[in-house]
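Observations on the three-dimensional arrangement
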Amino acid sequence: MSAVKSPKTIALLALKVLVSVALFWWLFHRLQWSTIAPVLGHADPAWVSAAAVLLIASHLLASWQWGRLLDAAGIDLPFWKVASYYHVGLFFNNFLPANVGGDLARTLDASRAGSTRPTALSTVILDRLIGTVALGAIAVFTTLPAIDHFHLAAAYAGVVAFFALAVLMLRAVLEPRVLAALERLLARVGLARMTPALDELSGRLAAFRGRRRLLLELLGVALIVQVMRIGVHVLFSRALGLHIDTAYFFLFVPLLAVIVSLPISLNGIGVREGAGIVLFGLVGLDRTSAFALQFGTYLVAFGVSLIGGVVFLARIPSRRAQSRHPRRSTE
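To keep things clear, this report deals only with the structure shown in the data block. (Residues numbered from 1 in each chain as written. Predicted model: local features only at pLDDT ≥ 70, side-chain atom pairs only at ≥ 80, totals over all residues. Heavy atoms only, no water.)

**Remarks on the packing of aromatic side chains**
Within this structure, the stated rule accounts for eight aromatic pairs. Taking 5.4 Å as the distance between ring centres and 55° as the angle between the ring planes, the aromatic pair formed by phenylalanine 249 and phenylalanine 280 counts as tilted. With phenylalanine 249 in helix α12 (residues 246–261) and phenylalanine 280 in helix α13 (residues 271–281), this residue pair connects regions lying 31 residues apart in the sequence. Judged by relative accessible area, which is 0%, phenylalanine 249 ranks as buried. Measuring from ring centre to ring centre gives 5.7 Å for phenylalanine 291 and phenylalanine 295, while their planes differ by 35°; the resulting arrangement is tilted. Separated by four residues within a single helix, phenylalanine 291 and phenylalanine 295 lie in helix α14 (residues 287–314), roughly one turn from each other. Using a relative accessible area of 14% as the deciding quantity, one classes phenylalanine 295 as buried. Through a chain of ring-to-ring contacts, three or more aromatic side chains come together here, namely Tyr248, Phe249, Phe252 and Phe280. Note that arginine 106 overlies the ring of tryptophan 66, its terminal NZ or CZ placed 4.7 Å from the centroid. (Phe/Tyr/Trp six-rings, centres within 6.5 Å; stacked < 30°, edge-to-face > 60°. Helix = DSSP H or I, 4+ residues; strand = E, 2+ residues; numbered from the N terminus. Buried < 20%, exposed > 50% of the residue type's maximum accessible area, 1.4 Å probe, protein only. Lys NZ or Arg CZ within 6 Å of the ring centre and 35° of its normal.)

Quick look at the structure:
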């Protein structure tokens, strides 16, 4: 895996950063930080802590979900290592769009357990797609009442398209012919050297086709994870003293998650807050409170992701020792 970014990739990343900065500037210009800071500053620490604990619990459950895929692929890791690798991935998600940083970190970490990188990558791809399908399924179900009540027919059509695309992508990666077509395309553009790795990746992914029960079980787990993360928004709203019916969070948060997943800004920054103002404004929440709710929930997620940063820094000495004395390392 090359760490070198093409000029096009760098340009797209720069554009997304620019979009996030522009959106934040516009929102701050409309709302003024002087009105937002006091709202966040008076957040109840007990409710903020509860939101953080629930988010950590959802990450641990998601780690278990990924661990099941690792085990099915023949990668034997204790749960504590799977959870630590998962949290390191969350940390790196803060720095690259579309969770690329976290997925790359998880792939590299899992491959150190003695497996190949294509094998580790197959588990990360499936884990990501299962979570995306679960998010789309919840969004399709919970946002259905918004079509008539809030006149969000266009938004709902987008949610349905998102869910359908996620299902098609999950189905496609389990089909060897899809990667075979990709290999032919790469060969035409001079990247035939990637064929052996893609052959292995295709074989690993295809092996999961016969594990439908496992995939359905993990889809059920992913649905629980998504519901828990909706609960994080509910708890943080309580921290701000907002009185919003819980049903509205199940209505709007999945829709927000779908919007944030679109590759138009850096990790959804700016888009999340702007869309939150529009959606929660439909139920009478003022702009300042809606912004504080979304931005504050993001800060909780960012704070929790720092656990992965601590793990990453703490293991640097052992990784260096491993590179010097691989036989003596226990990592």
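Now, onward.
**A word on the environment of leucine 70**
Tracing the backbone shows leucine 70 in helix α3 (residues 45–72). Distance from leucine 70 to valine 124, taken between C-alpha atoms, is 8.7 Å for residues 54 residues apart in sequence. Contact partners of leucine 70, with chain neighbours within four places excluded, come to Ile75, Leu77, Val82, Ala110 and Thr123. (Contact = heavy atoms within 4.5 Å.)

**Topic: the nonpolar core**
The tendency in soluble globular proteins is for nonpolar side chains to be buried as a group. With 43 residues, the main nonpolar core has Leu240, Phe249, Phe280 and Leu293 as its most contacted residues. Elements with a minimum of two residues in this core: α2 (33–41), α3, α6 (117–142), α8 (153–173), α11 (212–239), α12, α13 and α14. Among the elements that make up this core, the one with the highest residue count is α14 (eight residues). Here phenylalanine 249 is in contact with Ile230, His233, Val234, Ser237, Arg238, Ile244, Pro254, Phe280 and Leu293, once residues within four sequence places are set aside. Val133, Ala166, Leu170 and Leu205 belong to the second-largest nonpolar core, a separate cluster that totals 18 residues. (Core = buried A, V, L, I, M, F, W, Y, C linked by side-chain atoms within 4.5 Å.)

**Concerning the side chain of histidine 233**
Mapped onto the elements, histidine 233 comes out in helix α11. Of the residues examined, histidine 233 reaches a relative accessible area of 15% and is grouped as buried. Among the polar contacts made by the side chain of histidine 233, one reaches the main-chain carbonyl oxygen of arginine 229 at a distance of 3.1 Å. With sequence-adjacent residues up to four places away left out, histidine 233 is seen in contact with Phe249, Val253, Leu293, Gln294 and Thr297. (Polar contact = N/O pair within 3.5 Å; in protein donor to acceptor, adjacent residues only side chain to side chain.)

**Remarks on the packing of helix α5 (residues 100–111) against α6**
Running from N to C, α5 and α6 point in directions that differ by 135°, and their axes come no closer than 8 Å. Our classification of the angle between α5 and α6 gives oblique. Handedness of the crossing formed by α5 with α6: right-handed. Mapping the contact onto sequence places Asp103, Arg106, Thr107, Leu108, Ala110 and Ser111 in α5 and Arg117, Ala120, Leu121, Val124, Asp127 and Arg128 in α6. The class makeup of the residues in the contact of α5 with α6 is five nonpolar, two polar and five charged. (Axes fitted to C-alpha atoms, helices over the stretch in contact; angles between N-to-C directions. Parallel < 35°, antiparallel > 145°, perpendicular 65-115°, else oblique. Left-handed = near helix turned anticlockwise from the far one by under 90°. Nonpolar A, V, L, I, M, F, W, Y, C, P; charged D, E, K, R; others polar.)

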